[in-house]
Amino acid sequence: MKEEFLHYLWQYKKFNTANLKTTQGLSVQILNQGHYLQQAGPDFFNAQLSIDNQKWAGNVEIHVKSSDWYLHQHEKDSAYDTVILHVVWDHDTEVYNKSNVEIPVLELKQYVASETIQNYQALTTRKSWIFCENQLKTVDQFVVKNWQERLFFERLERKSLAITALLTTTLNDWEAVFFCLLAKNFGLNTNGDVFFKIAQAIPFSIIKKERFEVENLEALFFGFAGMLNQEKEDVYYKDLSFRFHYLLHKHQIVAPILEPVQFFKNRPDNFPTIRLAQLANLYHTHQNLFSSCSTLRKPEQLYSIFTISVSKYWETHYQFDRESPKKKKGLSKSFIDLLLINTLIPIQFAYGQNQQNFNIEELLTMANQIPVEKNVVIDKFSSFGIHSKNAFESQSLLQLKNEYCSKSRCLSCEIGTALLKN
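What comes next is a walk through the structure. For clarity, every value in this text was computed on a predicted model and none was experimentally measured.

The rules behind these values
Residues numbered from 1 in each chain as written. Predicted model: local features only at pLDDT ≥ 70, side-chain atom pairs only at ≥ 80, totals over all residues. Heavy atoms only, no water. Pairing = 2+ DSSP bridges. Helix = DSSP H or I, 4+ residues; strand = E, 2+ residues; numbered from the N terminus. Expected span 1.5 Å × (residues − 1). Buried < 20%, exposed > 50% of the residue type's maximum accessible area, 1.4 Å probe, protein only. Core = buried A, V, L, I, M, F, W, Y, C linked by side-chain atoms within 4.5 Å. Contact = heavy atoms within 4.5 Å.

## With respect to the pairing of strand β2 (residues 27-32)
The sheet contact formed by strand β1 (residues 20-21) and β2 spans 2 bridges and is antiparallel. By the bridge assignment, Lys 21 is partnered in β2 with Ser 27. From the end of β1 to the start of β2, which pair antiparallel, there are 5 residues, and Gly 25 there has a positive phi angle of about 90°. Taken together, the 4 bridges between β2 and strand β4 (residues 44-51) define a ladder with antiparallel strand orientation.

## Things to note about helix α10 (residues 272-285)
Along its 14 residues, α10 runs 20 Å from first to last C-alpha, staying within 8% of the 20 Å computed at 1.5 Å per residue. Taking burial as the measure, the 14 residues of α10 include 12 buried ones, the bulk of the element. Taken together, the buried positions of α10 are Pro 272, Thr 273, Ile 274, Arg 275, Leu 276, Ala 277, Gln 278, Leu 279, Ala 280, Asn 281, Leu 282 and Tyr 283.

## Here's the deal with unusual backbone geometry
Residue Asn 53 is not a glycine yet carries a positive backbone phi of 65°. Its location among the elements puts Asn 53 in the loop between β4 and β5 (54-65). Despite not being glycine, Ser 408 shows a phi value in the positive range, around 55°. Secondary-structure assignment places Ser 408 in the loop between α16 (391-405) and α17 (414-421). Here Ser 408 falls in the partly exposed class, since its relative accessible area comes to 21%.

## Topic: the nonpolar core
Generally speaking, soluble globular proteins have nonpolar side chains that are buried together. Phe 178, Leu 182, Tyr 283 and Phe 306 are the most contacted members of the largest nonpolar core, which totals 82 residues. Sequence-distant contacts of Tyr 283, defined by excluding residues within four places in its chain, comprise Glu 175, Phe 178, Phe 179, Leu 182, Phe 204, Ile 207, Arg 211, Leu 217 and Leu 289. The next biggest cluster of nonpolar side chains, apart from the first, holds 52 residues, and it includes Leu 9, Tyr 120, Phe 131 and Leu 398.

## With respect to the pairing of strand β6 (residues 83-90)
Counting buried positions along β6 yields 7 of 8 residues, so the element is predominantly enclosed. Note: β5 against β6, 6 bridges, orientation parallel. Residue pairing in the sheet places Val 60 in a bridge with Leu 85 of β6. As paired elements, β6 and strand β7 (residues 105-107) share 3 bridges and run parallel to each other. Paired with Val 88 across the bridge in β7 is Glu 107.

Function cannot be inferred from these measures alone, as they are strictly geometric.
Okay, here's the thing in structure tokens:
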């Protein structure tokens, strides 16, 4: 038995409430089960109960066993002096608060139907991927759609916290924050972290000063990535290396030692050389990029901004010193979609919160217009009957898998509680 299941039973009154009695034989009527706080202190705040025909207002604490009260040392904590009822699954000892007053105990197991327990056990029995995979198709689509909207904004809220923290380190420079986020997402999963560190390490004021020559931006990006510290015969490599050391001296900056970028398991178009060259060309082409993107809500408007390629050298190279057939190597539409999903929408959401001036419906509309991204999680949900048609739906499913399914939070999930109710 898990405590979260007892929280669920109490919160939704999923037990026979007709003739409740404490372990001392006192009658209990639930007038209001209280607010589920999910934070430090008693589990349910401001409950209203009638115990032995006397009305009480206070808090309710829930444990698997009565003795957990002492295991958690609540008898020493004055915050638990307001507890008016101790709800447990197994009663194994009497409990007293810090003032040495005995607290009434309600043993819940004798009031819960066996079918409710069986449903819970069926839901939380380990499956091949997630607990409810065999029952997903049976969930009312109205429940799923409502839950997806909340999940989508939960995911944006989580990303917004990281953006707000980054904003503090950049002295409220939204352009610098945008640059760091773009860099991370240009690096994808394999190089995202090191690209992010590169962007953080280069003062954005230098990016603005040097953007007029794309070779200077490439020199900074490749140099900070540790790719200009070898001896090569390549003329362009030598030029970038010279520029890099000149720029370090000019701006009095020091390049940190970072983990090496990864080529392995990347398709050539995703090589870190190509992605950094594209990022350099993007900032060479556009000034005040965040300002240009912050008010745009239509994907086609943003596609035009991100339709960029690489400098001439990289049209015939994937790596230094290795020539290849000529290719433009622009950003694909699917890659731009990933930038819109993982960078544009989150930063527009965070900016709107910061400025207290944005229309949430516009972000929803944009997310609904962006095609669904392709990954293992979305494919798995699809195989179990939950299909995604757009980025709004796929992002909500990623939030569901990462924050609920993978953490076994079935009883905090609308799908999980709907299955238990059924």
